[in-house]
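# Structure assessment
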Amino acid sequence: VAATQDHVRRALMHEPRGHAGMYGAVVVRGGAAAEGAHLAALFLHCAGYSAMCGHAVMALGRFALDYGLVPAPTRPETAVRLRCPCGPVTAFVPWDGHRSGNPVRFHSVPAFAAATDLAIDVPGHGKVVVDIGYGGTFYAFLSAEQLGLDVCSSKTRDLVSAASAVTEAVKKQFKLHHPESEDLAFLYGTILTDGKDAFSEEPTTNICVFADEQVDRSPTGSGVTARIALQYHKGLIQLGLTRTFRSSTTGSLFSGKAVKATMFGNYNAVIVEVSGEAFYTGTATFTVEEEDPLKHGFFFK
């Protein structure tokens with residue numbers, strides 16, 4: 001798709017149809033969604049493609065039921081099996097016989113700690129210590145405090161700049177490895193936290209900056225998956241304990257818990273359950289006029 005159909009992504013994600021924070025999913029049925037999946041999904045953003053998106057999985061699960069893409073849904077909950085670039089993901093969607101509901105929960109691919117307490121030299125910020133976790137894609141994690149910022153009160157622009165600097169520094173100083181596909185061995189972004197990693201009933205707040213300085217509006221489903229895996233690896237959370245995560249951008253909440261220990265290649269891993277809400281905003285038909293010189297979109301930065 002990237003090699004031959006990227007104009008479709010640009011037309012949908014960039015202006016005038018999209019915007020700098022746009023995110024999308026191409027939904028595929030039939031043969032491409034093989035191996036027992038109802039649907040396959042390819043995730044799009046302003047800079048390219050991603051291997052996993054938890055919030056999109058929640059929305060796609062509801063969409064699949066409400067638009068008849070899953071035969072014979074069951075009450076009170078239907079398992080919607082998705083094939084994502086990272087692997088098989090299952091969404092568990094409330095169903096009352098007529099319409100889907102919230103909250104939706106999902107189980108993703110095994111999540112693991114790729115590195116902990118890794119010292120990284122970040123230009124403009126000096127040495128910082130990061131953890132790298134995998135939850136369908138790789139993220140670097142650190143407290144905003146290490147960068148002289150507060151994840152709840154600092155300007156978003158400052159948080160974005162600092163997180164992007166961390167991402168670029170980690171890419172240059174640490175080589176990632178994925179147990180099954182080197183195509184997935186890339187750092188997707190950096191998640192700045194409030195530093196509250198130890199288990200608590202209180203929510204912990206974070207902001208995710210991914211791709212080309214794009215800011216997640218949600219607590220980040222794949223990020224919550226990776227962060228739970230890191231906390232479990234460090235002995236900060238036990239199997240079955242539920243933690244709540246808050247987005248510093250919108251205040252929205254996800255919950256996450258490690259439900260089963262497993263192996264993923266040589267990594268000690270966990271299956272993480274993430275739960276949250278997803279809502280419709282409408283449907284649209286987009287038109288691309290052939291003579292439009294900007295038909296494939298444009299992007300200001």
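The rules behind these values
- Residues numbered from 1 in each chain as written.
- Predicted model: local features only at pLDDT ≥ 70, side-chain atom pairs only at ≥ 80, totals over all residues.
- Heavy atoms only, no water.
- UniProt positions renumbered as here; feature names shortened; annotations may be inferred.
- Domains from an automatic or database assignment.
- Contact = heavy atoms within 4.5 Å.
- Buried area = accessible area lost by both parts, 1.4 Å probe.
- Helix = DSSP H or I, 4+ residues; strand = E, 2+ residues; numbered from the N terminus.
- Expected span 1.5 Å × (residues − 1).
- Buried < 20%, exposed > 50% of the residue type's maximum accessible area, 1.4 Å probe, protein only.
- Pairing = 2+ DSSP bridges.
- Disulfide = S-S within 2.5 Å.
- Phe/Tyr/Trp six-rings, centres within 6.5 Å; stacked < 30°, edge-to-face > 60°.
- Lys NZ or Arg CZ within 6 Å of the ring centre and 35° of its normal.
- Core = buried A, V, L, I, M, F, W, Y, C linked by side-chain atoms within 4.5 Å.
- Polar contact = N/O pair within 3.5 Å; in protein donor to acceptor, adjacent residues only side chain to side chain.
- Salt bridge = Lys/Arg side-chain N within 4 Å of Asp/Glu carboxyl O.

Going by an unreviewed UniProt entry, the chain carries the name trans-L-3-hydroxyproline dehydratase and comes from Platysteira castanea. Turning to the chain, the UniProt annotation filed under Subunit (unreviewed entry) states: "Homodimer." Listed under Sequence similarities (unreviewed entry) in UniProt, the entry text for the chain is "Belongs to the proline racemase family."

The subject of this paragraph is the domain arrangement of the chain. One can read the domain layout of the chain as domain 1 (5–102) and domain 2 (110–276). Computed from C-alpha atoms alone, the centre-to-centre distance between domain 1 and domain 2 is 23 Å. Between domain 1 and domain 2, the contact holds 16 residues from the first and 17 residues from the second. For the pair domain 1 and domain 2, the summed buried area comes to about 1200 Å², and 62% of that belongs to carbon and sulfur atoms. When the buried surface of domain 1 facing domain 2 is broken down by residue, Met52, His55 and Met58 rank first, second and third, together holding 34% of it.

Turning next to helix α2 (residues 54–66). Helical geometry note: an α-helix holds 3.6 residues per turn, so side chains three or four residues apart project in the same direction. Relative to the 18 Å expected for 13 residues at 1.5 Å per residue, α2 spans 19 Å between its end C-alpha atoms, a close match to the ideal helical length. One or two residues past the end of α2 sits glycine 68, with phi positive at roughly 70°.

By the alternation rule, side chains of strand β4 (residues 77–84) split into Thr78, Val80, Leu82 and Cys84, which are all buried, and Glu77, Ala79, Arg81 and Arg83, of which none is buried. Pairing of strand β2 (residues 39–45) with β4, which is carried by two bridges, proceeds in the parallel orientation. Note that in β4 the partner of alanine 40 across the bridge is arginine 83. As paired elements, β4 and strand β5 (residues 87–94) share eight bridges and run antiparallel to each other. Within β5, the position partnered with arginine 83 by the bridge is proline 88. The turn joining β4 and β5, which pair antiparallel and follow one another in sequence, is formed by two residues.

Following the criterion strictly, the structure yields zero disulfides and no others. Of all cysteine sulfurs in the structure, the one in cysteine 53 sits closest to cysteine 46, which takes part in no disulfide; the separation is 13 Å. Cysteine cysteine 53 shares no disulfide, and the gap to the nearest cysteine sulfur, in cysteine 84, comes to 9.2 Å.

Moving on: the packing of aromatic side chains. Under the defined criterion, the tally for this structure stands at 15 aromatic pairs. Seen from their ring centres, tyrosine 139 and phenylalanine 141 are 6.2 Å apart, and the 65° between their planes marks the pair as edge-to-face. No difference in accessibility class separates tyrosine 139 from phenylalanine 141, as the two residues are buried. The cationic tip of arginine 62 hangs over the ring face of tyrosine 280; the distance from NZ or CZ to the ring centre is 5.0 Å.

Let us look at the nonpolar core. Counting 70 residues, the largest nonpolar core has Val57, Val130 and Ile132 as its most contacted members. Three or more residues apiece are contributed to this core by two domains, here domain 1 (5–102) and domain 2 (110–276). Tyr188, Ile191, Phe210 and Ala226 belong to the second largest nonpolar core, which has nine residues in total.

The next subject is the side chain of histidine 178. Structurally, histidine 178 can be placed in the loop between α3 (156–173) and β10 (187–193). A polar contact of 3.0 Å, which involves the side chain of histidine 178, links it to the side chain of tyrosine 134. In terms of polar contacts, histidine 178 uses its side chain to reach the backbone amide nitrogen of glutamate 180, at 3.0 Å. If we ignore the near neighbours within four places in the chain, the residues touching histidine 178 are Tyr134, Phe138, Leu184, Ala185 and Phe264.

The subject of this paragraph is the pattern of salt bridges. Under the definition given, this model contains 10 salt bridges. In this structure, glutamate 213 and arginine 157 form a salt bridge, with 3.1 Å as the shortest nitrogen-oxygen distance. Residue glutamate 213 is found in the loop between β11 (204–210) and β12 (214–215), and its partner arginine 157 is found in helix α3; the two are separated by 56 residues along the sequence. Assessed through its relative accessible area of 26%, glutamate 213 is described here as partly exposed. By relative accessible area, arginine 157 is classed as partly exposed at 47%. Residues joined in a network through salt bridges with shared partners are Asp6, Arg9 and Arg10.

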